[in-house]
Amino acid sequence: MSTLKFIVKRFLYLILLLFGVASCVFFISKMVPGDAVSAYLSPRSLSNPEIVDAFKAKWGLDDSLIVQYYHYIQNLMHLDLGVSIRTGNPVMDELKRSYPATMELAFFSILFASVFGILFGVISATKRNSLIDQTVRAISVTGVSIPSFWFAIIMLYIFYSRLGWAPGIGRLGVRIPNPLHITGMYVLDGLLTGNMNAVKDALQHLVLPSIVLGSFTMGLITRNTRSSLLETLSTDYIRTARAKGMGKGRIMFIHAFGNAAIPVLTVIGVGFGNLLGGMVVVEKIFSWPGVGQFAYQSVLALDFPAIVGVSLLIAVNYAIINIVIDILYGVIDPRVRVHR
């Protein structure tokens, strides 16, 4: 199957997947306890039937469930996610405003996790059963098992409150103006506009949340890199390469790591999707104005249009990441392309 045909097929699957996710999220959101009327109207307003009826009519809550679902799917086909009951703004505009902050944090988190995860995994595999190997394995287990909210608080206490090595919460210091908006990602916008003060300050603010958010994925990547490399290094063609006198570095990085990279790539892709969908706690602690904060406030307020919009955004992220990972499989290992 050609690469183009494969990509088209995956995008058709993506449309079906989004339709299924959108339907599930809509009906589940209608089944959860509580309703927007009780959440937004005061007890005094709730006692007035005219105000309650006007509220329901405004947000389409007086229609039957099937009619609400029909309008919801119809609007979705026009990329209209509805209006946030909490803010009164279109959900799509809210997501456009918060998504760049989340994407920037997720990018630096997966970068941290990938670089240190692969590095630790390679070191651990080459120094198998040594003290270094035991230390790296302990770090990876700690990264996987430590709760992110506790890790975030500890990091802020040590590196911000006690040592003063890291800036506090938020994306920029109070004295640094926001860079000119181009993408919404401060580091990239600062580079594009030559605002190096903003770039430096934004990078400093990214360090702690990136480490906290990426520690779990780093632990997974370390463990998978180590196990995958050890399995590959025990194969016949590696033993043959050693018998021919090939150097350790060439065996490791040209022959062994290429074959061991596919499971690691899978972990990186899944980890990136998890970062985008699971940063609610970290964004809350670091006052990061991203999708996680928006989702947190929306859930507290029973803002169903916003909850559905965030859920769909996360589903789209997962689906696109999976497509990219599948394409990279074929680039790394041509045998994958043959079997598609």
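Residues numbered from 1 in each chain as written. Predicted model: local features only at pLDDT ≥ 70, side-chain atom pairs only at ≥ 80, totals over all residues. Heavy atoms only, no water.

A. Up close: the overall build of the protein chain. Secondary structure assignment for the protein chain yields 16 helices and 0 strands. In terms of its C-alpha atoms, the protein chain occupies a principal-axis envelope of roughly 85 × 55 × 40 Å. Expressed as a percentage of its 340 residues, the buried residues of the protein chain come to 41%. For the protein chain, restricting intrachain contacts to residue pairs at least 6 apart in sequence, the fraction spanning at least 24 positions comes to 72%. Of the accessible surface of the protein chain, which amounts to about 18600 Å², a share of 66% is contributed by carbon and sulfur atoms. Taken together, the 28 basic and 18 acidic charged side chains of the protein chain have centroids lying 16 Å from each other. (Helix = DSSP H or I, 4+ residues; strand = E, 2+ residues; numbered from the N terminus. Buried < 20%, exposed > 50% of the residue type's maximum accessible area, 1.4 Å probe, protein only. Contact = heavy atoms within 4.5 Å. Areas by Shrake-Rupley, 256 points an atom, 1.4 Å probe, with all protein chains shown as cover. Lys, Arg positive; Asp, Glu negative; His and termini not counted. Charge placed at Lys NZ, Arg CZ, Asp CG, Glu CD.)

B. Seen up close, a nonpolar patch on the surface. A grouping of Phe 107, Leu 111, Val 115, Phe 116 and Leu 119 is seen on the molecular surface, where their side chains present a nonpolar patch of about 440 Å² in accessible area. Mapping Phe 116 onto the fold places it in helix H6 (residues 91-126). Accessibility expressed as a relative area gives 35% for Phe 116, which makes it partly exposed. (Patch = residues over 30% accessible without salt bridge, like charges linked within 9 Å, V, L, I, M, F, W, Y side chains within 5 Å. Salt bridge = Lys/Arg side-chain N within 4 Å of Asp/Glu carboxyl O.)

C. Focus on the pattern of salt bridges. Overall, the coordinates contain 5 salt bridges when judged by the stated rule. Arg 97 is paired through a salt bridge with Glu 94; the nearest N and O atoms lie 2.9 Å apart. Highlighted residues: Arg 97 and Glu 94, both in helix H6, separated by 3 residues, approximately one helical turn. The salt bridge partner of Arg 171 is Glu 104, with a shortest N-O separation of 2.8 Å. Here Arg 171, found in the loop between helix H8 (148-162) and helix H9 (186-193), pairs with Glu 104, found in helix H6; they are 67 residues apart in sequence, far enough to count as distant. When sorted by exposure, Arg 171 lands in the same class as Glu 104, which is buried. A single salt-bridge network, built from bridges that share partners, covers Asp 133, Arg 137 and Arg 226.

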